[in-house]
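# A closer look at the structure
Here is how the chains run, residue by residue.
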Amino acid sequence: MKKHQVHNLIILDESGSMNSIKKTIINGFNDLINSLKSIEKEFIEQEHFISLISFNSKKDNNIIHFTESVSKIEKINDENYNPESSTPLFDSMGLSILKLKHYLSDKNNYSVLVTILTDGEENASKEFSLIAIKRLIEELKSENWTFTYIGTEHDVDTTSLDLNINNSICFEKNDIGIKKMFEIETTSRIKYSLSIRNGKKINNDYY
(Lines give C-alpha, C1' and ligand atoms only; values in the text may rest on other atoms or scores of the structure.)
Protein backbone atom coordinates (compact mmCIF):
# COMPACT_ATOMS: atom_id res chain seq x y z
CA MET A 1 0.00 0.00 0.00
CA LYS A 2 1.35 3.38 -1.00
CA LYS A 3 1.03 5.60 2.03
CA HIS A 4 -0.20 9.19 1.96
CA GLN A 5 2.65 11.48 2.89
CA VAL A 6 2.03 14.28 5.39
CA HIS A 7 4.79 16.88 5.41
CA ASN A 8 4.95 18.92 8.61
CA LEU A 9 6.88 22.13 7.95
CA ILE A 10 7.55 24.07 11.17
CA ILE A 11 9.07 27.55 10.84
CA LEU A 12 10.33 28.50 14.29
CA ASP A 13 11.39 31.95 15.48
CA GLU A 14 14.95 31.85 16.87
CA SER A 15 15.29 35.59 17.48
CA GLY A 16 16.60 36.98 20.75
CA SER A 17 13.20 37.62 22.30
CA MET A 18 12.49 33.87 22.26
CA ASN A 19 15.32 33.27 24.71
CA SER A 20 13.09 33.70 27.76
CA ILE A 21 10.94 30.73 26.65
CA LYS A 22 13.71 28.70 25.03
CA LYS A 23 13.50 25.70 27.35
CA THR A 24 9.71 25.51 27.18
CA ILE A 25 9.71 25.76 23.37
CA ILE A 26 12.28 22.97 23.13
CA ASN A 27 10.25 20.74 25.46
CA GLY A 28 7.04 21.56 23.59
CA PHE A 29 8.52 20.74 20.22
CA ASN A 30 9.91 17.46 21.51
CA ASP A 31 6.48 16.56 22.92
CA LEU A 32 4.96 17.38 19.53
CA ILE A 33 7.39 14.99 17.84
CA ASN A 34 6.32 12.21 20.22
CA SER A 35 2.68 12.99 19.42
CA LEU A 36 3.34 12.79 15.68
CA LYS A 37 5.02 9.42 16.16
CA SER A 38 1.85 8.23 17.93
CA ILE A 39 -0.35 9.67 15.15
CA GLU A 40 1.69 7.82 12.53
CA LYS A 41 1.22 4.56 14.43
CA GLU A 42 -2.54 5.13 14.72
CA PHE A 43 -3.00 6.16 11.10
CA ILE A 44 -0.96 3.41 9.48
CA GLU A 45 -1.98 4.47 5.98
CA GLN A 46 -0.05 7.72 6.47
CA GLU A 47 3.63 8.56 6.61
CA HIS A 48 4.72 11.72 8.41
CA PHE A 49 7.79 13.82 7.71
CA ILE A 50 9.24 16.76 9.62
CA SER A 51 10.98 19.85 8.33
CA LEU A 52 12.01 22.14 11.19
CA ILE A 53 13.60 25.41 10.14
CA SER A 54 14.40 28.13 12.67
CA PHE A 55 15.35 31.68 11.80
CA ASN A 56 16.93 34.93 12.91
CA SER A 57 18.83 37.73 11.16
CA LYS A 58 22.22 36.29 12.12
CA LYS A 59 21.74 32.70 10.92
CA ASP A 60 19.12 33.24 8.20
CA ASN A 61 17.43 29.83 7.94
CA ASN A 62 18.76 27.19 10.33
CA ILE A 63 17.71 23.83 8.88
CA ILE A 64 17.46 21.53 11.88
CA HIS A 65 15.50 18.85 10.02
CA PHE A 66 14.34 18.62 6.40
CA THR A 67 11.84 16.02 5.14
CA GLU A 68 12.98 13.52 7.74
CA SER A 69 10.75 10.63 8.74
CA VAL A 70 9.14 11.42 12.08
CA SER A 71 10.05 7.93 13.30
CA LYS A 72 13.75 8.83 13.02
CA ILE A 73 13.65 12.36 14.41
CA GLU A 74 15.79 13.11 17.44
CA LYS A 75 15.00 15.79 20.00
CA ILE A 76 16.12 19.36 19.57
CA ASN A 77 18.26 20.80 22.34
CA ASP A 78 20.44 23.74 23.37
CA GLU A 79 22.97 22.91 20.66
CA ASN A 80 20.67 23.41 17.66
CA TYR A 81 18.29 26.08 19.01
CA ASN A 82 19.89 29.26 20.38
CA PRO A 83 17.72 32.42 20.12
CA GLU A 84 19.50 35.66 19.18
CA SER A 85 19.25 38.73 16.94
CA SER A 86 16.13 39.97 15.05
CA THR A 87 13.16 38.57 13.10
CA PRO A 88 13.28 38.14 9.28
CA LEU A 89 9.90 36.40 9.28
CA PHE A 90 8.97 36.89 5.61
CA ASP A 91 12.37 35.75 4.33
CA SER A 92 12.24 32.60 6.43
CA MET A 93 8.70 31.79 5.33
CA GLY A 94 9.50 32.36 1.67
CA LEU A 95 12.74 30.39 1.61
CA SER A 96 11.38 27.50 3.70
CA ILE A 97 8.14 27.14 1.76
CA LEU A 98 9.86 27.32 -1.64
CA LYS A 99 12.48 24.78 -0.54
CA LEU A 100 9.78 22.26 0.39
CA LYS A 101 7.71 23.09 -2.70
CA HIS A 102 10.73 22.35 -4.89
CA TYR A 103 11.35 19.06 -3.06
CA LEU A 104 7.74 17.98 -3.66
CA SER A 105 7.58 19.13 -7.28
CA ASP A 106 7.89 15.62 -8.74
CA LYS A 107 5.82 13.87 -6.06
CA ASN A 108 2.13 13.17 -5.55
CA ASN A 109 -0.22 11.74 -2.90
CA TYR A 110 0.90 14.18 -0.23
CA SER A 111 -0.37 17.08 1.85
CA VAL A 112 1.50 19.77 3.76
CA LEU A 113 0.94 21.35 7.15
CA VAL A 114 2.89 24.59 7.58
CA THR A 115 3.17 26.02 11.10
CA ILE A 116 4.79 29.39 11.81
CA LEU A 117 5.64 30.05 15.47
CA THR A 118 6.88 33.47 16.56
CA ASP A 119 6.72 35.93 19.45
CA GLY A 120 7.12 39.03 17.30
CA GLU A 121 6.43 40.66 13.99
CA GLU A 122 8.59 40.89 10.91
CA ASN A 123 11.48 43.35 11.27
CA ALA A 124 14.47 42.22 9.21
CA SER A 125 13.54 40.62 5.85
CA LYS A 126 15.40 41.63 2.69
CA GLU A 127 14.20 39.22 0.00
CA PHE A 128 10.45 38.71 0.55
CA SER A 129 7.67 41.22 1.14
CA LEU A 130 4.29 40.71 2.78
CA ILE A 131 2.62 40.80 -0.64
CA ALA A 132 4.96 38.12 -2.02
CA ILE A 133 4.34 35.80 0.93
CA LYS A 134 0.58 36.37 0.76
CA ARG A 135 0.52 35.42 -2.93
CA LEU A 136 2.62 32.31 -2.32
CA ILE A 137 0.31 31.14 0.47
CA GLU A 138 -2.79 31.78 -1.64
CA GLU A 139 -1.32 29.69 -4.46
CA LEU A 140 -0.44 26.74 -2.23
CA LYS A 141 -3.70 26.68 -0.26
CA SER A 142 -5.33 25.28 -3.40
CA GLU A 143 -2.74 22.47 -3.55
CA ASN A 144 -3.31 20.64 -0.23
CA TRP A 145 -1.16 23.02 1.80
CA THR A 146 -2.61 24.14 5.15
CA PHE A 147 -1.11 27.07 7.05
CA THR A 148 -1.25 27.99 10.74
CA TYR A 149 0.18 31.11 12.36
CA ILE A 150 1.01 30.81 16.07
CA GLY A 151 2.18 33.85 17.97
CA THR A 152 2.35 35.91 21.13
CA GLU A 153 2.98 39.50 22.22
CA HIS A 154 1.65 41.03 18.98
CA ASP A 155 -1.66 41.17 17.10
CA VAL A 156 -1.71 37.54 16.00
CA ASP A 157 -5.14 37.59 14.35
CA THR A 158 -4.36 40.64 12.22
CA THR A 159 -0.95 39.33 11.18
CA SER A 160 -2.49 35.98 10.26
CA LEU A 161 -5.15 37.64 8.10
CA ASP A 162 -2.54 39.91 6.48
CA LEU A 163 -0.67 36.75 5.45
CA ASN A 164 -3.86 35.13 4.11
CA ILE A 165 -3.70 32.42 6.80
CA ASN A 166 -7.03 31.14 8.13
CA ASN A 167 -5.76 29.32 11.20
CA SER A 168 -4.14 31.17 14.09
CA ILE A 169 -3.36 30.57 17.75
CA CYS A 170 -2.43 33.27 20.24
CA PHE A 171 -0.64 31.92 23.32
CA GLU A 172 0.47 33.34 26.64
CA LYS A 173 4.24 33.67 26.81
CA ASN A 174 4.73 31.42 29.84
CA ASP A 175 5.04 27.70 30.58
CA ILE A 176 1.30 27.11 30.96
CA GLY A 177 0.41 29.07 27.82
CA ILE A 178 2.99 27.28 25.69
CA LYS A 179 1.93 23.86 26.97
CA LYS A 180 -1.69 24.65 26.13
CA MET A 181 -0.70 25.84 22.66
CA PHE A 182 1.14 22.59 21.88
CA GLU A 183 -1.87 20.60 23.13
CA ILE A 184 -4.09 22.47 20.65
CA GLU A 185 -1.52 21.77 17.95
CA THR A 186 -1.56 18.03 18.63
CA THR A 187 -5.37 17.82 18.67
CA SER A 188 -5.55 19.69 15.37
CA ARG A 189 -3.04 17.35 13.72
CA ILE A 190 -5.13 14.36 14.81
CA LYS A 191 -8.20 15.99 13.19
CA TYR A 192 -6.17 16.56 10.06
CA SER A 193 -5.04 12.93 9.83
CA LEU A 194 -8.60 11.78 10.48
CA SER A 195 -9.90 13.88 7.59
CA ILE A 196 -7.34 12.23 5.29
CA ARG A 197 -8.39 8.77 6.45
CA ASN A 198 -12.06 9.57 5.87
CA GLY A 199 -11.35 10.86 2.39
CA LYS A 200 -12.58 14.35 3.17
CA LYS A 201 -11.36 17.36 1.26
CA ILE A 202 -8.32 18.80 2.97
CA ASN A 203 -9.00 22.41 3.79
CA ASN A 204 -7.49 25.21 5.81
CA ASP A 205 -9.63 25.04 8.96
CA TYR A 206 -8.40 22.59 11.59
CA TYR A 207 -7.95 24.93 14.54
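These remarks concern the structure in this document. (Residues numbered from 1 in each chain as written. Predicted model: local features only at pLDDT ≥ 70, side-chain atom pairs only at ≥ 80, totals over all residues. Heavy atoms only, no water.)

So, about the overall build of the chain. Of the regular secondary structure elements, the chain holds five helices and six strands. In sequence order, the secondary structure elements of the chain are arranged as β-α-β-β-α-β-α-β-α-β-α. By the compact-globule yardstick of 17 Å for 207 residues, the chain fits well, its C-alpha radius of gyration being 16 Å. With respect to the principal axes defined by its C-alpha atoms, the chain has extents near 45 × 35 × 25 Å. A buried classification covers 54% of the 207 residues belonging to the chain. Intrachain contacts of the chain at a sequence separation of at least 6 include 76% that bridge at least 24 residues. In the form shown here, the chain has an accessible surface area of approximately 9800 Å², with 47% of it arising from carbon and sulfur atoms. When the 25 positive and 31 negative side-chain charges of the chain are each reduced to one mean point, those points stand 5 Å apart. (Helix = DSSP H or I, 4+ residues; strand = E, 2+ residues; numbered from the N terminus. Rg over C-alpha atoms; globule rule 2.2 N^0.38 Å. Buried < 20%, exposed > 50% of the residue type's maximum accessible area, 1.4 Å probe, protein only. Contact = heavy atoms within 4.5 Å. Areas by Shrake-Rupley, 256 points an atom, 1.4 Å probe, with all protein chains shown as cover. Lys, Arg positive; Asp, Glu negative; His and termini not counted. Charge placed at Lys NZ, Arg CZ, Asp CG, Glu CD.)

An ideal rise of 1.5 Å per residue puts 21 Å on 15 residues; helix 2 (residues 89-103) measures up with 21 Å between its terminal C-alpha atoms. L89, F90, D91, S92, M93, G94, S96, I97 and L100 are the residues of helix 2 that are buried. Against strand 1 (4-13), strand 2 (46-56), strand 3 (60-69), strand 4 (110-118), helix 3 (130-141) and strand 5 (145-151) lie the buried residues of helix 2. (Expected span 1.5 Å × (residues − 1).)

Here we take up the pattern of salt bridges. If charged atoms from side chains of opposite charge come close, those side chains can pair. Under the definition given, this model contains nine salt bridges. With its nearest N and O atoms 2.7 Å apart, the salt bridge here joins E139 to K101. With E139 in helix 3 and K101 in helix 2, this residue pair connects regions lying 38 residues apart in the sequence. For E139, a relative accessible area of 33% corresponds to the partly exposed category. Ionic pairing is found between D106 and K107, a salt bridge with its closest N-O pair at 3.2 Å. A relative accessible area of 63% means that D106 is categorised as exposed. Look at K107 and you get partly exposed, because its relative accessible area is 32%. Overlapping salt bridges bring together D119, E153 and K173 as one network. (Salt bridge = Lys/Arg side-chain N within 4 Å of Asp/Glu carboxyl O.)

Of all eleven residues in strand 2, ten are buried; the element is thus mostly enclosed. Looking at chain direction, strand 1 and strand 2 are connected through ten bridges and run parallel. Within the sheet, the bridge partner assigned to L12 lies in strand 2 and is S54. Relative to strand 3, strand 2 runs antiparallel, the two sharing seven bridges. For F55, the partnering residue across the bridge sits in strand 3 and is N61. Hairpin remark: strand 2 followed by strand 3, antiparallel, with three residues in the connecting loop. (Pairing = 2+ DSSP bridges.)

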